[in-house]
Amino acid sequence: MRREIARDNAAGRKERDGQLFVWGAMVEAVYRDGDAQARDRLRGWAKGKLTDKRHLQRAENGFARIEDVAADTADS
């Protein structure tokens, strides 16, 4: 019984992790490919929704990483 519950929980976690990965990739693509207004909107949503400072900092680091990659690509 416990093994079945653990197996079901692990399968559920794996599915949610996959969903989160895809959502993150989608947000990254929208930010990367969007215009300044789209990027500002995403940053605003992050600031409004991510109340934990650690999570907001992670989001900001992600935005900065995407911008750095874009700048490096433009310089090449």
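To be clear, the structure that these remarks concern was listed above.
Keep in mind the model is a prediction, meaning the values are calculated, not measured.

Quick notes on the rules
- Residues numbered from 1 in each chain as written.
- Predicted model: local features only at pLDDT ≥ 70, side-chain atom pairs only at ≥ 80, totals over all residues.
- Heavy atoms only, no water.
- Helix = DSSP H or I, 4+ residues; strand = E, 2+ residues; numbered from the N terminus.
- Rg over C-alpha atoms; globule rule 2.2 N^0.38 Å.
- Core = buried A, V, L, I, M, F, W, Y, C linked by side-chain atoms within 4.5 Å.
- Buried < 20%, exposed > 50% of the residue type's maximum accessible area, 1.4 Å probe, protein only.
- Contact = heavy atoms within 4.5 Å.
- Axes fitted to C-alpha atoms, helices over the stretch in contact; angles between N-to-C directions.
- Parallel < 35°, antiparallel > 145°, perpendicular 65-115°, else oblique.
- Nonpolar A, V, L, I, M, F, W, Y, C, P; charged D, E, K, R; others polar.
- Expected span 1.5 Å × (residues − 1).
- Polar contact = N/O pair within 3.5 Å; in protein donor to acceptor, adjacent residues only side chain to side chain.
- 1 Å grid on protein atoms, 1.4 Å probe; cavity = no way out; pocket = protein on both sides within 12 Å on 5 of 7 lines; lining within 4 Å.
- Points joined across faces, edges and corners; volume = space filled by probe spheres on them.

A.B. asks: How would you sum up the overall build of the chain? Please name residues and give values.
C.D. replies: On a plain count of helices and strands, the chain comes out with three helices and zero strands. Reading the chain from its N terminus to its C terminus gives the helix and strand order α-α-α. By the compact-globule yardstick of 11 Å for 76 residues, the chain is too spread out, its C-alpha radius of gyration being 17 Å. In terms of its C-alpha atoms, the chain occupies a principal-axis envelope of roughly 55 × 30 × 20 Å.

A.B. asks: Outline the nonpolar core, supporting the account with residue identities and numerical values.
C.D. replies: In terms of nonpolar packing, the biggest core is built from six residues, these being Tyr31, Leu42, Ala46, Ala59, Phe63 and Ile66. Contributing elements (two or more residues each) for this core: helix 2 (36-49) and helix 3 (53-75). With three residues, the single largest contributor to this core is helix 3. Beyond its immediate sequence surroundings of up to four residues, Phe63 is in contact with Tyr31, Leu42, Arg43 and Ala46.

A.B. asks: Can you tell me about the packing of helix 1 (residues 2-33) against helix 2, naming the residues and giving the values?
C.D. replies: Packing of helix 1 against helix 2 brings their axes to within 7 Å, and their N-to-C directions diverge by 140°. Of the possible angle classes, the one that applies to helix 1 and helix 2 is oblique. Between helix 1, through Val27, Val30 and Tyr31, and helix 2, the contact on the second element is made entirely by Arg39, Leu42 and Arg43. A per-class count over the contact of helix 1 with helix 2 returns four nonpolar, no polar and two charged.

A.B. asks: Give me the lowdown on helix 3, citing residues and values where you can.
C.D. replies: Its 23 residues place the ends of helix 3 32 Å apart at the C-alpha level, agreeing with the 33 Å of an ideal helix rising 1.5 Å per residue. Where helix 3 is concerned, the buried positions are Ala59, Glu60, Gly62, Phe63 and Ile66. Near the N-terminus of helix 3, the side chain that reaches the backbone nitrogen of Arg54, with its oxygen 2.8 Å away, is that of Asp52.

A.B. asks: Talk me through the layout of surface pockets; I want residue IDs and the actual numbers.
C.D. replies: Estimates place the volume of the largest pocket at around 500 Å³. If you go around the largest pocket, you meet 18 residues; those closest to its centre are Trp23, Gly24, Val27, Ala59 and Phe63. Where the lining of the largest pocket is concerned, the elements lending two or more residues are helix 1, helix 2 and helix 3. With eight residues, the single largest contributor to the lining of the largest pocket is helix 1.

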